[in-house]
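Report on the structure
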Amino acid sequence: MQEESAVTLGQALGALGAGVVWFFQNIALAFYNFGYAVSHPQLWLDWSNKEAVMRFVYYGGSVEFFYVVFTAFLVITAIGMWQNRFMWGVVRVLEGFANTVGRFFAWAGLLMVLQQIIIVFMQRIFTRPDIVVGFGIPLQFDISWYAEELKFYNALVVSLCATYTFVQGGHVRVDLIYAGVKFRTKKVIDMIGSLFFMMPAAVLVWMYGWFFLWRHLIVPKPSASDTLERLLMKSRAMRWNVETIGFSPNGFTGYFLFKILLVSFCGMVFLQAIAFFFRSYLEWKEGEASANKYLDKDTLGAGEEAYEGTH
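Keep in mind that this is a model prediction, so the values were computed, not measured.

**Topic: the packing of aromatic side chains**
- In this structure the tally under the stated criterion is 34 aromatic pairs.
- Members of the aromatic cluster, connected to one another through ring pairs, are Trp-44, Trp-47, Phe-56, Phe-65, Trp-206, Trp-210, Trp-214 and Trp-240.

**Some remarks on the pattern of salt bridges**
- In the structure shown here, the tally under the stated rule is 11 salt bridges.
- Here Asp-298 makes a salt bridge to Arg-103, at a shortest N to O gap of 2.6 Å. One end of the pair, Asp-298, is in the segment after α11 (256-286); the other, Arg-103, is in helix α5 (residues 84-105), and 195 residues separate them in sequence.
- Residue Asp-298 is classed as partly exposed on the basis of its relative accessible area, which comes to 27%.
- The class for Arg-103 is partly exposed, based on a relative accessible area of 28%.
- Note that Lys-293 and Glu-286 form a salt bridge whose closest N and O atoms lie 3.6 Å from each other.
- On the basis of relative accessible area, Lys-293 is assigned to the partly exposed category, the value being 28%.
- What emerges from the salt-bridge pattern is a single network uniting Glu-95, Lys-187, Asp-190, Arg-279 and Glu-283.

**Quick look at helix α7 (residues 143-160)**
- A rise of 1.5 Å per residue sets the reference length of α7, with its 18 residues, at 26 Å; its end C-alpha atoms lie 26 Å apart and thus fit the reference within 8%.
- Those residues of α7 that fall on the buried side of the exposure criterion are Ile-143, Trp-145, Tyr-146, Glu-148, Glu-149, Leu-150, Phe-152, Tyr-153, Ala-155, Leu-156, Ser-159 and Leu-160.
- Packing partners of the buried residues in α7 comprise α5, α6 (108-124), β1 (130-133), β2 (139-142), α8 (162-167) and α11.

**With respect to the packing of helix α4 (residues 63-82) against α11**
- Contact geometry for α4 and α11: axes closest at 12 Å, N-to-C directions at 20°. Classified by the interaxial angle, the pair formed by α4 and α11 is roughly parallel. Read as a crossing pair, α4 and α11 show a hand that is right-handed. Along its contact with α4, which presents Val-69, Phe-73, Ile-76, Thr-77 and Met-81, the element α11 presents Phe-270, Ile-274, Phe-277, Phe-278, Tyr-281 and Lys-285.

**What to know about helix α3 (residues 50-60)**
- For α3, the complete set of buried residues consists of Ala-52, Val-53, Met-54, Arg-55, Val-57, Tyr-58 and Gly-60.
- Buried positions along α3 lie against α2 (42-45), α4, α9 (183-214), β3 (218-219), α10 (228-234) and β4 (239-240).
- For α3, the N-terminal capping position is held by Asn-49, with its side-chain oxygen 3.0 Å away from the main-chain nitrogen of Glu-51.

**Looking at a nonpolar patch on the surface**
- A grouping of Trp-107, Leu-110, Leu-111, Val-113, Leu-114, Ile-117, Phe-121, Ile-125 and Phe-126 is seen on the molecular surface, where their side chains present a nonpolar patch of about 910 Å² in accessible area.
- Mapped onto the elements, Phe-121 comes out in helix α6.
- Given the relative accessible area of 43%, Phe-121 is considered partly exposed.

**Quick look at the layout of surface pockets**
- Its boundaries defined by the atoms lining it, the largest pocket holds a volume of some 1400 Å³.
- Along its surface, the largest pocket is lined by 44 residues, and Glu-64, Phe-65, Phe-66, Val-68 and Val-69 are the ones closest to its centre.
- If one sorts the elements of the lining of the largest pocket by residue count, α4 sits on top with 11 residues.
- Of the residues in the lining of the largest pocket, the class split is 35 nonpolar, seven polar and two charged.
- As a volume, the second largest pocket reaches approximately 890 Å³.
- Phe-166, Arg-173, Tyr-178, Asp-190 and Phe-276 are the residues nearest the centre of the second largest pocket, which is lined by 31 residues in total.
- Mapped by element, the contributors of at least two residues to the lining of the second largest pocket are α8, α9 and α11.
- For the lining of the second largest pocket, the leading source of residues is α9, giving nine residues.
- Classifying every residue of the lining of the second largest pocket by side-chain character gives 14 nonpolar, eight polar and nine charged.

About the cut-offs
Residues numbered from 1 in each chain as written. Predicted model: local features only at pLDDT ≥ 70, side-chain atom pairs only at ≥ 80, totals over all residues. Heavy atoms only, no water. Phe/Tyr/Trp six-rings, centres within 6.5 Å; stacked < 30°, edge-to-face > 60°. Salt bridge = Lys/Arg side-chain N within 4 Å of Asp/Glu carboxyl O. Helix = DSSP H or I, 4+ residues; strand = E, 2+ residues; numbered from the N terminus. Buried < 20%, exposed > 50% of the residue type's maximum accessible area, 1.4 Å probe, protein only. Expected span 1.5 Å × (residues − 1). Contact = heavy atoms within 4.5 Å. Axes fitted to C-alpha atoms, helices over the stretch in contact; angles between N-to-C directions. Parallel < 35°, antiparallel > 145°, perpendicular 65-115°, else oblique. Left-handed = near helix turned anticlockwise from the far one by under 90°. Polar contact = N/O pair within 3.5 Å; in protein donor to acceptor, adjacent residues only side chain to side chain. Patch = residues over 30% accessible without salt bridge, like charges linked within 9 Å, V, L, I, M, F, W, Y side chains within 5 Å. Areas by Shrake-Rupley, 256 points an atom, 1.4 Å probe, with all protein chains shown as cover. 1 Å grid on protein atoms, 1.4 Å probe; cavity = no way out; pocket = protein on both sides within 12 Å on 5 of 7 lines; lining within 4 Å. Points joined across faces, edges and corners; volume = space filled by probe spheres on them. Nonpolar A, V, L, I, M, F, W, Y, C, P; charged D, E, K, R; others polar.

Now the structure itself:
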């Protein structure tokens, strides 16, 4: 019995050691993999080559890609802890990116309202079955196509404005402890939340969404369990098969765009998690005087402070 326990403990320690070695090997290889990908873009960006498409599909959801991103995060974090001005610069760039994208695609909400009004007028007043836009060769679709397209506008707002809303502090909070603790404790909670909740959730949804996207763009359909060699074999029979089937006979035919938005949402959430971690660390280090430093928040203008955060 003791021998069996010793063997089991030894195996566990051996597996743990192998896992640690594998972890650091992947971090070391990340520099090589990144350099090789940058110096050989034709291997994964030349989409006239079917093998390049399959390499892009594989590496977009691969362990190698994860460790390239993870190692870049470690390097930027190390430099930022040494030079806090650099880390503040990263925060401003990432938050600026989230704000710019969010402010632009927020206009999709207005387009959604205007298009719904046009649909109602065309159906109830002009009794038209379709809407024609343009001259010469016009864009002509059934009204049901435009009606289902409203879902796409809504998806644009939800997916591409989520990080913008986060930067603006517009998400609903369920607060049991946070409000009553000290400023530095709040920053520690924020750092833990970004590292152990935001980032892992974004990675998991990315892994699902990435292959979910490509299964609706090409055949043979790729799988998350496929090795690179298997995908390269599949590339011989690969052809584009972009999903254009609507939920109704004349409905919206661009549902593959929703899959692209899902992947874009994950990428933006991951970047915002990095920005939030860096901001929380810097505010924790510099103290309460640095709260909301460089934060580009929307304002209703002078005299409207009482309504800030309620719109």
